[in-house]
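# Architecture and fold: a report
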Amino acid sequence: MFRTVPGRRAAARATTVLIVAALAATGCSGHGTSGKKHRSTSSRETERERTGDAGTPAAGRPEAAPRPRTAAQFVERARQAMRAEHGWTFALRGTQSLVTAGGAPDSATFAATAHRTTGPDAFRSTGTVTGKSGPKSERVFLVDGTVHEKTEGKSWKQGPLSDPEMADQVEDPVAELDVLARYAKSAKVTGAGTRTGEVRLRVRAGGWRLAAAKKRPALTSPVRELQPLLDQLRKVGVTATDGQVTLRDFEETWVLDAGHGYRLASHQYAFTFVIPYQGRNITLTQELRQENRGVFEGRVTLPAEAAGTAGAA
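This one's a predicted model, so the numbers in the text were calculated from it and none came from an experiment.

### Thoughts on the overall build of the protein chain
- Helix and strand counts for the protein chain come out as eight helices and 14 strands.
- Burial statistics for the protein chain: of 313 residues in total, 48% are counted as buried.

### Focus on the nonpolar core
- In terms of nonpolar packing, the biggest core is built from 57 residues, with Phe90, Leu201, Leu226, Val245, Leu256, Phe273 and Ile275 touching the most fellow members.
- Ranked by residue count, the leading element in this core is strand E11 (residues 263-277), at six residues.
- Not counting residues within four places of it along the chain, the set of residues in contact with Leu256 comprises Phe74, Ala78, Gly197, Glu198, Val199, Leu201, Tyr262, Arg263, Leu264 and Ala265.

### Thoughts on the pattern of salt bridges
- A full pass over the atoms with the stated rule returns 17 salt bridges.
- Ionic pairing is found between Arg116 and Asp121, a salt bridge with its closest N-O pair at 2.9 Å.
- Classification of Asp121 by relative accessible area gives partly exposed; the value is 40%.
- Residues Glu251 and Arg204 are paired through a salt bridge, measuring 3.3 Å at the closest nitrogen-oxygen approach. Remark: Arg204 occurs in strand E8 (residues 198-205) and Glu251 occurs in strand E10 (residues 246-257); sequence separation between them is 47 residues.

### Digging into the pairing of E8
- As defined by bridge partners, strand E7 (residues 188-190) adjoins E8 across three bridges and the pair is classed as antiparallel. Within E8, the residue paired with Thr190 across the bridge is Arg200.
- Relative to E10, E8 is paired through eight bridges, and the arrangement is antiparallel. Residue pairing for E10: Arg204 is matched across the bridge by Glu251.

### Observations concerning the environment of Lys154
- Looking at the secondary structure, you find Lys154 in the loop between strand E5 (146-151) and strand E6 (157-160).
- On the basis of relative accessibility, which here comes to 56%, the residue Lys154 falls in the exposed class.
- Expressed as a C-alpha distance, the spacing of Lys154 and Glu138, which sit 16 residues apart in the sequence, is 9.9 Å.

### Looking at helix H5 (residues 173-180)
- Burial within H5 is extensive, with seven of its eight residues counted as buried.
- Taken together, the buried positions of H5 are Pro173, Val174, Ala175, Glu176, Leu177, Val179 and Leu180.
- The backbone nitrogen of Val174 has a side-chain oxygen 3.0 Å away, supplied by the residue at the start of H5, namely Asp172.

### Structural notes on the packing of helix H3 (residues 71-83) against H5
- Two elements in contact, H3 and H5, have axes whose closest approach is 10 Å; the angle formed by their N-to-C orientations is 155 degrees. In terms of their interaxial angle, H3 and H5 are classed as roughly antiparallel. The two elements H3 and H5 meet at a crossing, and its hand is left-handed. Residues Val75, Ala78, Arg79, Met82 and Arg83 of H3 lie in contact with H5, whose contacting residues are Val174, Leu177, Asp178 and Leu180.
- Considering only residue class, the contact of H3 with H5 consists of six nonpolar, no polar and three charged.

### Concerning the side chain of Thr89
- Structurally, the position occupied by Thr89 is in strand E1 (residues 87-100).
- Judged by its relative accessible area of 14%, Thr89 falls in the buried class.
- Filtering out sequence-adjacent residues up to four positions away, Thr89 remains in contact with Thr113, Ala114, His115, Glu291, Asn292, Arg293, Gly294 and Phe296.

### Examining the packing of aromatic side chains
- Taken as a whole and judged by the stated rule, the model has four aromatic pairs.
- On the basis of an interplanar angle of 70 degrees and a centroid distance of 5.3 Å, the ring pair of Phe74 and Tyr262 is categorised as edge-to-face. Of this pair, Phe74 sits in helix H3 while Tyr262 sits in the loop between E10 and E11; the two residues are 188 residues apart in sequence, bridging distant segments of the chain. One exposure class covers both Phe74 and Tyr262, and it is buried.
- Plain terms: the ring middles of Phe141 and Trp156 are 6.1 Å apart, the flat faces sit at 50 degrees to each other, and that makes the pair tilted. Taken as a pair, Phe141 in strand E4 (residues 134-143) and Trp156 in the loop between E5 and E6 lie far apart in primary sequence, 15 residues in all.
- Residue classification places Phe141 among the buried residues on the basis of a relative accessible area of 5%.
- The buried category is assigned to Trp156, whose relative accessible area is 17%.
- Within the aromatic cluster, the residues linked to one another by ring pairs are Tyr269, Phe271 and Phe273.

### So, the confidence of the model for the protein chain
- Considering every residue of the protein chain, the mean pLDDT works out to 82; 77% of them sit at 70 or more.
- The low-confidence segment residues 1-18, where pLDDT is below 50, has 104 contacts with residues more than four positions distant or belonging to other chains.
- Confidence drops under a pLDDT of 50 for residues 24-63, and excluding neighbours within four residues, the segment shows 75 contacts in the predicted structure.

Criteria and cut-off values
Residues numbered from 1 in each chain as written. Predicted model: local features only at pLDDT ≥ 70, side-chain atom pairs only at ≥ 80, totals over all residues. Heavy atoms only, no water. Helix = DSSP H or I, 4+ residues; strand = E, 2+ residues; numbered from the N terminus. Buried < 20%, exposed > 50% of the residue type's maximum accessible area, 1.4 Å probe, protein only. Core = buried A, V, L, I, M, F, W, Y, C linked by side-chain atoms within 4.5 Å. Contact = heavy atoms within 4.5 Å. Salt bridge = Lys/Arg side-chain N within 4 Å of Asp/Glu carboxyl O. Pairing = 2+ DSSP bridges. Polar contact = N/O pair within 3.5 Å; in protein donor to acceptor, adjacent residues only side chain to side chain. Axes fitted to C-alpha atoms, helices over the stretch in contact; angles between N-to-C directions. Parallel < 35°, antiparallel > 145°, perpendicular 65-115°, else oblique. Left-handed = near helix turned anticlockwise from the far one by under 90°. Nonpolar A, V, L, I, M, F, W, Y, C, P; charged D, E, K, R; others polar. Phe/Tyr/Trp six-rings, centres within 6.5 Å; stacked < 30°, edge-to-face > 60°. pLDDT = per-residue confidence, 0-100.

Right, dumping it as structure tokens:
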């Protein structure tokens, strides 16, 4: 469950396996359910004391840039703030539930800690996916444009970031800010006048057929999350077309820290899809939250066993 860099998500994978197995077993009856040198913390703090926190000019000095007003301007400032540091640590949490009318829900949860460097771009997350079969550890790395993923009890998988299935393993809030820039005009801004508090960018939608949702940049996340599951369901007999599947509701919120250059504080979204099936519905509900835990000064290193050779970022 949890994105392209929210592409196939870890919790979604666990849930998908359960419902696909159930549908297959019942004949689709519907009863189943980064290595560059960077500035030290002290040097950054010295610069902030001189210029004002995160680039805000000190008292008596002219502003280096006007205060953002539009959603697009806030997103651009957030992107700049996130790339001004060598790296970041994030806490990731997600849930997913898949319910076939008349059947018990299949649910899974996902929790991980992620490190993301910006010079060069690299990512790793270490966490746990918990479904009906119990908790299983999962590790994901993105180094030099290649995604490497290891689920407990299975072999390493790897593939290019250009492969949607592999890219969907990576829960990268920094990269998702780049995606947000494409549909920032769809976001409602609150807290725009504050200099030290929170600024929120919120996107809401509902009632979209999947065929139309695929054409809306603001609906990129739910569409991306649904597609792997829908592909698997269709392989076991679910015949709903894109024109029949409905995005019942979607809400996404980005929280920016105005006191630190509008850097990303958190990102979360929740959505529900309804998939018609033999006169009933399969309902997919998913939530994801990404929280910024602060600057990361370390390196993202690919384990040698992941691909036979080690790499670092």
